[in-house]
Amino acid sequence: MNKDLAISDLTARFGTKINLSTADREQHGADESSHAVMMPDAVLYAATTEDVADAVRICARHRMPVIPFGAGTSLEGHVTAPHGGLTIDLSLMNRVLAVNEADLDVRVQAGVTRQSLNAYLRDRGLFFPVDPGADCTLGGMVGTRASGTNAVRYGTMREQLLSLEVVTATGEIIETGNRARKSAAGYDLTHLFTGSEGTLGVVTEMSLKVYGRPEKLMAGVCRFPDLGAAIDTVITTIQMGLPVARIELLDELSIKAVNAYSGLKHQEAPTLFLEFHGSAAAVDADIAAFSDLAADMGGSDIEFAEKQEDINKLWHARHQLYYATRAMEPGKHVVTTDVCVPISRLGDCMRETRRDMDESPIVGTMLGHVGDGNFHTILLADPNNLGEMRALDDLHDRMVTRAIEMGGTCTGEHGIGLGKMKYLEKEKGPAVHLMRQIKAALDPVGIMNPGKLLPGMENGS
């Protein structure tokens, strides 16, 4: 890589859109994870797809790494620059390009955030359901195949995608699909790029499914005497086919942390946060059925709210858990990780993980998008205490290995990035070799987000 010549060519093409300041490069060399800051050599604030394509062509000519950047909310070091290079910030590409109300789809640029899209759609009676918690860009959500709290009812980012506009590693602009709801035409390129974490190309636009806002929406909480009773309630709810839109589990320590951080007064017990969508009659019937089931399982203090401000308060508390956990022991190293297992193994996996946490010197909270078998831990350790850091690594390894051995995955929604490369071969086996072949075919120079996702290709090729 001839860095100086590459930056000279980029500056000649983009002028003030290129930023070389240390502060800007540092900001773009880190996400919300615990991974070390690794700065790019330059940052481009792209305004158009053509900007992205021209930048990639220049970088390919000089073999300079390219790292896509959205909102910086990823959790596995996806946006760091271990080999330097050019970070392409897509936040200025933030326009909703078309809303096709009759077809329930939209066309957006990659820098649009999920909250801004929903604000745009609200007056049209539509909404986009994928909610990972953070206000991510939709391009970033494609990159990590995001999901979140609504996945049990509406599916993940994968299920919402109709087509992508992608700048390939050679700077070519392609469209992977169309607005049709199904197609049998050729390879499924849309889903090949989904979850590729910027290692195959840069997503610049997308066509997405959207949904009519439900007639009635009610959110509630239900407390349980122990973790097992809460998990059993979730499993039975799903097996009965109750159409719950969201169902989230926070353990006792999580509720304690949220109370302290947000000034709330929730009972400190394992708690389900849940939401039902639909017609008034259907929602009322679903809540009645769930309430009877939960009571039989030991649930108590079951409360539901219909006013939007009350619902927002409820979910705001849940979304504050990362910051609430961090505030329990300020200054400590924070690692947040996730796994996903078949729903029948969720109870075993969560209980064994909680037991490991309780038996270690590490403070940690646990929450789950439990309707689809996905749960997270947020772990705290003193970076200056070698024993604690080793215990943290051991907890993380045991949790991930257990999930894989139970027929699950090392990551339900965070992605691989830097942090979970060592588990990919354990989970996927010989299929990783095929992934490397795909990477080499689509990115022969190895410039697209090198050092991420694929073990054995840490240098990009």
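Because the structure is a prediction, the values reported are computed rather than measured. (Residues numbered from 1 in each chain as written. Predicted model: local features only at pLDDT ≥ 70, side-chain atom pairs only at ≥ 80, totals over all residues. Heavy atoms only, no water.)

S.K.: Explain the side chain of Ser163 to me, please; I cannot follow it from the model alone.
M.R.: Within the secondary structure layout, Ser163 lies in strand 8 (residues 161-168). The buried category is assigned to Ser163, whose relative accessible area is 1%. There is a polar contact of 2.5 Å between the side chain of Ser163 and the side chain of Glu175. A polar contact is formed between the side chain of Ser163 and the backbone nitrogen of Gly177, at a distance of 2.9 Å. In this structure Ser163 touches Arg107, Glu175, Thr176, Gly177, Asn178, Thr190, Met206 and Ser207, once residues within four positions along its chain are discounted. (Helix = DSSP H or I, 4+ residues; strand = E, 2+ residues; numbered from the N terminus. Buried < 20%, exposed > 50% of the residue type's maximum accessible area, 1.4 Å probe, protein only. Polar contact = N/O pair within 3.5 Å; in protein donor to acceptor, adjacent residues only side chain to side chain. Contact = heavy atoms within 4.5 Å.)

S.K.: Looking at this structure, I do not really get the sheet that holds strand 8. What am I missing?
M.R.: Across a sheet, paired strands are connected by hydrogen bonds in the backbone, their directions being either parallel or antiparallel. Taken in spatial order, the 5 strands make up an open sheet running 5-6-10-8-9, and their pairing is antiparallel. A single partner strand is all that each edge strand has here, and the edge strands are strand 5 (96-100) and strand 9 (173-175). Adjacent strand axes in the sheet meet at a mean angle of 15°, parallel and antiparallel pairs treated alike. Taken together, the 4 bridges between strand 5 and strand 6 (residues 105-109) define a ladder with antiparallel strand orientation. Counted as the bridge partner of Val96 is Val108 from strand 6. Relative to the sheet, helix 3 (residues 49-62) contacts strand 8, strand 9 and strand 10 (201-209), its axis offset from that of strand 8 by approximately 45°. Sheet strands touched by helix 4 (residues 114-122): strand 5, strand 6 and strand 10. Its angle to strand 5, the strand with the most contacts, is close to 45°. (Pairing = 2+ DSSP bridges. Axes fitted to C-alpha atoms, helices over the stretch in contact; angles between N-to-C directions.)

S.K.: Can you walk me through the pairing of strand 16 (residues 333-340) in this structure?
M.R.: Along a regular strand, successive side chains alternate from one face of the sheet to the other. Burial within strand 16 is extensive, with 7 of its 8 residues counted as buried. Bridge analysis of strand 16 against strand 18 (residues 374-381) gives 8 bridges, and the strand direction is antiparallel. Counted as the bridge partner of Val334 is Leu380 from strand 18.

S.K.: Looking at this structure, how should I read the domain arrangement of the protein?
M.R.: Quoted interface sizes are often the accessible area lost when the parts come together. According to the domain assignment, the protein consists of domain 1 (3-91), domain 2 (96-212), domain 3 (214-327) and domain 4 (329-435). Between domain 2 and domain 3, the C-alpha centre-to-centre distance is 28 Å. Domain 2 puts 9 residues into the contact, and the matching count from domain 3 is 11 residues. Interface of domain 2 and domain 3: buried area, both sides summed, is about 840 Å²; carbon and sulfur atoms make up 51% of it. For the domain 2 face of the interface with domain 3, the top three residues by lost area are Thr149, Val152 and Arg153, together amounting to 58%. Between the two partners, domain 2 and domain 3, sit 1 salt bridge. When the shortest N-O distance is used, the salt bridge between Arg246 and Asp131 registers 2.9 Å. (Domains from an automatic or database assignment. Buried area = accessible area lost by both parts, 1.4 Å probe. Salt bridge = Lys/Arg side-chain N within 4 Å of Asp/Glu carboxyl O.)

S.K.: Is there a simple way to think about the side chain of Thr80 in this case?
M.R.: As for its placement among the helices and strands, Thr80 is situated in the loop between strand 3 (66-69) and strand 4 (86-89). What makes Thr80 buried here is its relative accessible area of 0%. A polar side-chain atom of Thr80 sits 2.8 Å from the main-chain carbonyl oxygen of Gly77. Apart from the residues lying within four places of it in its own chain, the contact partners of Thr80 are Gly29, Ala30, Ala36, Met38, Ile67, Leu418, Asn449 and Lys452.

S.K.: Where do I start with the pattern of salt bridges in this structure?
M.R.: Side chains that carry opposite charge are capable of pairing whenever their charged atoms lie near each other. Counted according to the given criterion, the structure contains 30 salt bridges. Ionic pairing is found between Arg179 and Asp105, a salt bridge with its closest N-O pair at 3.1 Å. In this pair, Arg179 sits in the loop between strand 9 and helix 8 (189-193) while Asp105 sits in strand 6, placing the two residues 74 residues apart along the sequence. Judged by relative accessible area, which is 39%, Arg179 ranks as partly exposed. You can call Asp105 buried: its relative accessible area is 2%. Here Glu425 ties to Arg436 by a salt bridge, and the two come within 3.1 Å at their closest N and O atoms. Here Arg436 lies in helix 17 (residues 431-442) and Glu425 lies in helix 16 (residues 421-428), a separation of 11 residues in the sequence.

S.K.: Just to check I follow, could you spell out helix 1 (residues 3-14) for this structure?
M.R.: Residues separated by three or four positions in an α-helix point in the same direction, a consequence of the helix having 3.6 residues per turn. Between the first and last C-alpha of helix 1 there are 16 Å, a value that for 12 residues agrees with the 16 Å anticipated at 1.5 Å per step. Taken together, the buried positions of helix 1 are occupied by Ala6, Ile7, Leu10 and Phe14. Axial view of helix 1: buried residues confined to an arc of 95°, hence all on one face. Residues of helix 1 that are exposed and angled more than 90 degrees away from the buried face: Asp4 and Ala12. Looking at the buried side of helix 1, the elements it contacts are strand 1 (18-19), strand 2 (42-45), helix 3 and strand 4. Positioned one or two residues after helix 1, Gly15 has a phi angle of 60°, which is positive. (Expected span 1.5 Å × (residues − 1). Arc of directions from axis to C-beta.)

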